[in-house]
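# Structural overview for review
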Amino acid sequence: MSLNSSMQVGVSAMKATSTALTGISNNIANMNTTGYKATSTSFSDLISGNATGTINGQGVVSKIIQNVSSMGDLSTTTSQYNLAVNGQGMFVVSDSSNALSTNSTVLYTRDGSFSTDTNGYLVNTSGYYLEGWVADSAGNINQTSSTNGLQAINVKNISNAATATTTVVLKGNLDSDTAVSTAASTPTYNATSATQSMSAYSATTGVGTQPDTTMTMTISDGLGGQHTVTLSLLKKGLNATTGETEWNYEVSSPDVVDANGTGQISYGTLSFTSSGALDTANSTTAGGAFSDALTINSSTSGTTPHWGTSTALPTQAFNLGITAGTSTLTSTAADTAYTAKADGTEFGTLTSVTVGKDGVVTAIYDNGDTKAIAKVALATFNNANGLIAVSGNTYKQSTSSGSYALSQPGSNGVGTLESSTLENSTVDLSEEFTHLITTQRAYSAASKIITTADQMMQELLTIKQ
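Quick summary incoming for the structure in this document.

Moving on, we come to the overall build of the protein chain. Check the secondary structure of the protein chain and you find three helices and 32 strands. The globule rule puts the C-alpha radius of gyration for 465 residues at 23 Å, and the 39 Å found for the protein chain is more than 25% above it. The dimensions of the protein chain, computed from C-alpha atoms along their principal axes, are 145 × 45 × 40 Å. Counting only contacts in the protein chain whose residues sit at least 6 apart along the sequence, the fraction spanning at least 24 positions is 61%. In the form shown here, the protein chain has an accessible surface area of approximately 22,400 Å², with 50% of it arising from carbon and sulfur atoms. Distance between charge centres in the protein chain, computed from 16 positive and 31 negative side chains, equals 18 Å.

The strand order across the open sheet formed by six strands is β12-β13-β14-β16-β17-β18, and the pairing between neighbours is antiparallel. Of all the strands in the sheet, the pair left with one neighbour each is β12 (213–220) and β18 (288–289). Where strand β14 (residues 245–252) and strand β16 (residues 264–272) come together, eight bridges link them in antiparallel fashion. Each bridged residue has a counterpart across the sheet, and for Val-251 the counterpart in β16 is Ser-266.

Attention now goes to the environment of Ala-333. The topology assignment puts Ala-333 in the loop between β22 (328–330) and β23 (337–342). Sequence spacing of Ala-333 and Leu-174 is 159 residues, and the spatial spacing of their C-alpha atoms is 8.0 Å. In contact with Ala-333, not counting residues within four places along its chain, are Asp-175, Ser-176 and Asp-177.

Here we take up the pairing of β14. For a regular strand, side chains alternate in direction, first toward one face of the sheet and then toward the other. In terms of residue burial, β14 counts as a mostly covered element, since seven of its eight residues are buried. Two elements, strand β13 (residues 226–238) and β14, share eight bridges in a ladder whose sense is antiparallel. Its bridge partner being in β14, Leu-234 is matched across the sheet by Asn-248. Hairpin geometry of β13 and β14 is characterised by an intervening segment of six residues between the two adjacent antiparallel strands and by a positive phi of about 75° at Gly-243.

What follows covers unusual backbone geometry. Looking along the chain, the bond that leaves Thr-304 and enters Pro-305 is cis, with omega of -5°. Here Ser-420, not a glycine, exhibits a phi torsion of approximately 50°, which is positive. In this fold, Ser-420 is placed in the loop between β31 (416–419) and β32 (421–423).

Turning our eyes to something else, we now look at the side chain of Asn-30. Tracing the backbone through its elements, the reader meets Asn-30 in the loop between α1 (3–29) and β1 (40–49). On the basis of relative accessibility, which here comes to 19%, the residue Asn-30 falls in the buried class. Within the structure, the side chain of Asn-30 is placed 2.9 Å from the backbone oxygen of Asn-26, a separation counted as a polar contact. Side chain to side chain, Asn-30 and Thr-33 meet in a polar contact 2.9 Å long.

The next thing to look at is the sheet that holds β23. Spatially, the three strands line up as an open sheet ordered β22-β11-β23, and their pairing is mixed. Of all the strands in the sheet, the pair left with one neighbour each is β22 and β23. Along the sheet, successive strands turn relative to each other by an average axial angle of 15°, direction set aside.

This paragraph deals with the pattern of salt bridges. A complete count under the given rule lists four salt bridges for this structure. For the salt bridge of Glu-423 with Arg-110, the shortest nitrogen-to-oxygen distance reads 2.9 Å. Linking Glu-423 in strand β32 with Arg-110 in the loop between β6 (106–109) and β7 (115–116), this pair joins segments that are 313 residues apart in sequence. The class for Arg-110 is buried, based on a relative accessible area of 5%. Measuring nitrogen to oxygen at the nearest pair gives 2.8 Å for the salt bridge that ties Lys-357 to Glu-418. On the criterion of sequence distance, the pair formed by Lys-357 in the loop between β24 (350–355) and β25 (360–365) and Glu-418 in strand β31 is long-range, its members being 61 residues apart. Given a relative accessible area of 17%, Glu-418 falls into the buried group.

Glancing now at the side chain of Ser-271. Position of Ser-271 relative to the elements: it lies in strand β16. With a relative accessible area of 0%, Ser-271 lands in the buried category. Beyond its immediate sequence surroundings of up to four residues, Ser-271 is in contact with Glu-244, Thr-245, Glu-246, Ala-277, Leu-278, Asp-279, Asn-282 and Ser-283.

Attention now goes to the packing of aromatic side chains. The tally for this structure, following the rule as stated, stands at five aromatic pairs. Seen in terms of ring centroids, Phe-91 and Phe-114 are 5.4 Å apart; in terms of plane orientation they differ by 85°. Their pairing is edge-to-face. Taken together, the residues span a long stretch of sequence, with Phe-91 in strand β5 (residues 90–94) and Phe-114 in the loop between β6 and β7 at a distance of 23 residues. Summarising the burial analysis for this pair, Phe-91 and Phe-114 share the class buried.

Another point: the nonpolar core. Counting residues in each nonpolar core, the largest one holds 27 residues, and the members touching the most others are Leu-231, Leu-233, Val-251, Leu-270 and Ile-322. When contributions to this core are tallied by element, the ones reaching two or more residues are β11 (168–173), β12, β13, β14, β16 and β19 (293–296). Once residues within four sequence positions are removed from consideration, Ile-322 is found in contact with Leu-170, Leu-270, Leu-278, Phe-290, Asp-292, Ser-327, Thr-328 and Leu-329. By size, the runner-up hydrophobic cluster in this structure holds 24 residues, among which are Leu-107, Tyr-128, Leu-130 and Tyr-365.

With that out of the way, let us pick up the environment of Ser-199. Within the secondary structure, Ser-199 sits in the loop between α2 (182–185) and β12. The exposure class of Ser-199 is buried, given its relative accessible area of 14%. A C-alpha to C-alpha distance of 5.6 Å links Ser-199 and Thr-262, two positions 63 residues apart in sequence. Leaving out residues up to four positions away in the same chain, Ser-199 has contacts with Glu-250, Ser-252, Thr-262 and Gln-264. Only 2.5 Å separates the side chain of Ser-199 from the side chain of Glu-250, close enough to count as a polar contact.

What counts as what
- Residues numbered from 1 in each chain as written.
- Predicted model: local features only at pLDDT ≥ 70, side-chain atom pairs only at ≥ 80, totals over all residues.
- Heavy atoms only, no water.
- Helix = DSSP H or I, 4+ residues; strand = E, 2+ residues; numbered from the N terminus.
- Rg over C-alpha atoms; globule rule 2.2 N^0.38 Å.
- Contact = heavy atoms within 4.5 Å.
- Areas by Shrake-Rupley, 256 points an atom, 1.4 Å probe, with all protein chains shown as cover.
- Lys, Arg positive; Asp, Glu negative; His and termini not counted.
- Charge placed at Lys NZ, Arg CZ, Asp CG, Glu CD.
- Pairing = 2+ DSSP bridges.
- Buried < 20%, exposed > 50% of the residue type's maximum accessible area, 1.4 Å probe, protein only.
- Polar contact = N/O pair within 3.5 Å; in protein donor to acceptor, adjacent residues only side chain to side chain.
- Axes fitted to C-alpha atoms, helices over the stretch in contact; angles between N-to-C directions.
- Salt bridge = Lys/Arg side-chain N within 4 Å of Asp/Glu carboxyl O.
- Phe/Tyr/Trp six-rings, centres within 6.5 Å; stacked < 30°, edge-to-face > 60°.
- Core = buried A, V, L, I, M, F, W, Y, C linked by side-chain atoms within 4.5 Å.

Okay, structure coming up:
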């Protein structure tokens, strides 16, 4: 090896250690950067050979190695929007709140320092928007496999639109040992009378017929208002023709206007077999075939029953739930009891937003209702260390990393989400200081190679003189 070659080897060593110093400096500078992945430096020797088999060393070359797949310690924070991935996977982020497309800048990061901007979007400290699958108005989430199906997650002004009740699930029993009402067995009871119906009953005035039992339920109108609907029941007795036990029933609400001014929506008889099961074939509604489908006409309608004029409500149709779906109504020797649950919701004001371990972003309203508004998407790569690092503690896809795969947190080997949590940097300060010392020594030694080769060359020049 010539003296000139020796000097070139020294130069390569200084370049290599300079590269290592850059990596160490960057690691130390980012020791407090959320989700930062410490890099390391790999050194490789350079060898040249010739036809005679002589091998000459040509120095060294260095390369910064990324450790994107490594995971830092998790620390708790006070912000509900701070997120950390406990396991594999990276957040999908973008530099814009616009819907993603093939021309969008899509990046990946472990930095979950998200908070809301002035428009309600989740943005991390580097200014990147968190992307996910956004739910439709009904709370359904279409989980696509492409980033083009992702949108920036917004947690502001998510009003809970009121939905009108369409079905009441009623489960109950009427005590078959209940004595037959005197009112039900004489002309005293009259379902269509303003003074003799159960809907007209008043314990204060004594007007109307007192029911044996009542079942109340709350329904929602299309504007989010709540209304009490009462199912009043009066034991009628045994039907001589069918041999079944019959009960008179009326459905009423104080917010409804009917022809008699009692708020009655519907009336009829319920017939029960000897085993206590409801027999809809022998039951009746207003003297005709039985139906538990009810309609309350609009407040401006002249057709009764209709909503009171002060409510300004549209027509509403709903099912009482005596026979629909999972509803059951029986008449056995057990005590009278019931449960009634109506679908539909009243208008709700957003009170808080939570992010679950499965990535589902849920809005919670002051009326007790909850609604899924989005789901955080996590991306994984065949070789995450092959991603290209860009500014803002983010990475972009490369041929070395391979294509991405989107998954819901907690599925397909992807980590779960931890809210009010951040992932710390993977930088070990003591280790970096150790590398800093050894790198400095290596740089000094490399410089000695050049100065020594220079002195030897000076000796040659002296001999020539």
